[in-house]
Amino acid sequence: MPTSMQGELQPAVYRFKLGGFEIATIMDSKVVRDGLHPSFGGERPAAEMQALARANRIDPNRYEHPFIPTVVNTGKELVLFDTGNGALRREREQLRARLPDGRLVERLGEAGYRPADVDVVVITHGHPDHIGGLTENGKPVFSNARYVFGAAEFDFWKRGENVREARKFNRQLFVDIALPLADRARFVKPGDEVAAGIRAVGPAGHSPGLLAYHVESEGRRLLIWADTCIHYVVAVQRPEWQIDVDDDKDKAVATRKRILDMAATDELFVAGFHMPFPGLGLIEKSAGGYRWVPVGYQLNL
Ligand SMILES: [Zn+2]
């Protein structure tokens, strides 16, 4: 008798040790989008994207876009980096077609953590897929948490000046979701430590004050680069190509090159919010650019 098809099944939780820390990357959700061109490299001929995709054996017309928060247990504190899409799709008409339902809370449970266990929520930047899981029905999801925002990023969304047209809705979302959390928040700048062994790094461009985070324990190092690069082939191999969702495109290009060079030179493990699950890799210098090398078993030893 033929066996029925079971449908797609993919892992969504990956937990590993980094020195004395325990870290999990958790796939909140994912979407498949049309493109890559002109969302990526819109200023370049479409044929260049076709060739790049072909050379990397990926589909040039559709791409998977995952959303992967990271949670770090330092042994003293449980620190969550970004919150995924939460209930935005259900609560906000305008995002219905663009974002999937967030499943971070359910999958945190699979990793062994309850929302109430989270001591610190670090928001790398104010875009919807990073702040969406902060609240549900107007209530904080992580009931015991303090918050960390980049000072420049928080200030930008709070003031609401020079917000480009495509981000006007995002600004309102930030006002609704993030501003009310200010009295439980700390505002940091590059170089500041947010927990023992976790320090902010400044990769602005994708948003006005995006922060990445350098995590170090017992000599093992991980860079949580958030949205510095948002596609593992295009943004890494062609960091100079423009990306439509980058708020300051020239600055984002300069930042990508700087952070890619640092990750390659310092041989850092990287956790990328939009990299293929589990969102962990290393950066290798290659002719004229860089390559994303997904982790093998390095973090399992
Ligand atoms: Zn993002």
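Everything here concerns the structure above.
Residues numbered from 1 in each chain as written. Predicted model: local features only at pLDDT ≥ 70, side-chain atom pairs only at ≥ 80, totals over all residues. Heavy atoms only, no water.

**Notes on the coordination of the zinc ion**
In the first shell of the zinc ion, the protein supplies Asp129 (OD), His130 (NE2), Asp227 (OD) and His274 (NE2), at 2.1 to 2.2 Å from the metal. What the 4 donor atoms of the zinc ion show is an angle range of 90 to 173° at the metal, which sorts the shape as irregular. In terms of primary sequence, the donors binding the zinc ion are separated according to D-H-x96-D-x46-H. One end of the pair, Asp129, is in helix H4 (residues 128–131); the other, Asp227, is in the loop between strand S15 (220–226) and helix H7 (234–237), with 98 residues separating them in the sequence. Of the two residues, Asp129 and Asp227, both sit in the buried class. (Donors = N, O, S within 2.8 Å, 3.2 Å for Na, K, Ca; no water. Tetrahedral: all angles 85-135°; square planar, octahedral: opposite > 155°, others 65-115°. Helix = DSSP H or I, 4+ residues; strand = E, 2+ residues; numbered from the N terminus. Buried < 20%, exposed > 50% of the residue type's maximum accessible area, 1.4 Å probe, protein only.)

**Section: the side chain of His231**
Inspection of the secondary structure assignment puts His231 in the loop between S15 and H7. Its relative accessible area of 6% is what places His231 among the buried residues. One polar contact links the side chain of His231 to the main-chain amide nitrogen of Val233, over a distance of 3.0 Å. Among all residues touching His231, those that are not within four sequence positions of it are Leu36, Phe40, Ile58, Tyr63, Val236 and Met275. (Polar contact = N/O pair within 3.5 Å; in protein donor to acceptor, adjacent residues only side chain to side chain. Contact = heavy atoms within 4.5 Å.)

**Thoughts on helix H3 (residues 104–111)**
Those residues of H3 that fall on the buried side of the exposure criterion are Leu104, Arg107, Leu108 and Ala111. Along the axis of H3, the buried residues cluster in a sector spanning 110°; they form a single face. Along its buried surface, H3 packs onto strand S1 (13–18), strand S2 (21–26), strand S3 (29–34), strand S5 (70–73) and strand S6 (78–81). (Arc of directions from axis to C-beta.)

**Some words on the packing of aromatic side chains**
Overall, the coordinates contain 12 aromatic pairs when judged by the stated rule. Every member of this aromatic cluster is reached through a ring pair, and the members are Phe149, Phe154, Phe156, Trp157, Phe174 and Phe187. (Phe/Tyr/Trp six-rings, centres within 6.5 Å; stacked < 30°, edge-to-face > 60°.)

**Let's talk about the sheet that holds strand S18 (residues 289–294)**
Overall, mixed pairing links the 7 strands, which are arranged S12-S13-S14-S15-S16-S17-S18 in an open sheet. The open sheet has two edge strands with one neighbour each: strand S12 (193–195) and S18. The sheet shows a mean angle of 35° between the axes of neighbouring strands, direction not considered. As paired strands, S12 and strand S13 (residues 198–201) are joined by 2 bridges and run antiparallel to one another. Bridge pairing in S13 places Ala195 opposite Ile198. Against the sheet, helix H8 (residues 249–265) contacts S13, S15, strand S16 (269–272), strand S17 (280–286) and S18, and its axis sits at roughly 100° relative to S17. (Pairing = 2+ DSSP bridges. Axes fitted to C-alpha atoms, helices over the stretch in contact; angles between N-to-C directions.)

**What to know about the pairing of S17**
When S16 meets S17, the two strands line up antiparallel, connected through 2 bridges. Following the sheet pairing, Val270 is matched in S17 by Gly281. When S17 meets S18, the two strands line up antiparallel, connected through 6 bridges. Each bridged residue has a counterpart across the sheet, and for Ile283 the counterpart in S18 is Trp292. Linking S17 to S18, which pair antiparallel, is a turn of 2 residues; within it Gly288 sits at a positive phi near 75°.

**Focus on the pairing of S6**
In the case of a regular strand, side chains alternate between the two sheet surfaces. What you see with S6 is no split at all: Leu78 and Leu80 on one side and Val79 and Phe81 on the other are buried throughout. Bridge count for S5 against S6 is 4 bridges, and the pairing is antiparallel. Counterpart to Thr70 in the pairing with S6 is Phe81. Between S5 and S6, which follow one another and run antiparallel, lie 4 residues, and Gly75 among them has a positive phi close to 95°. Two strands pair when backbone bridges link them, and S6 and strand S7 (residues 120–123) are joined in this way by 3 bridges, in the parallel orientation. Residue pairing across strands places Phe81 opposite Val122, the latter belonging to S7.

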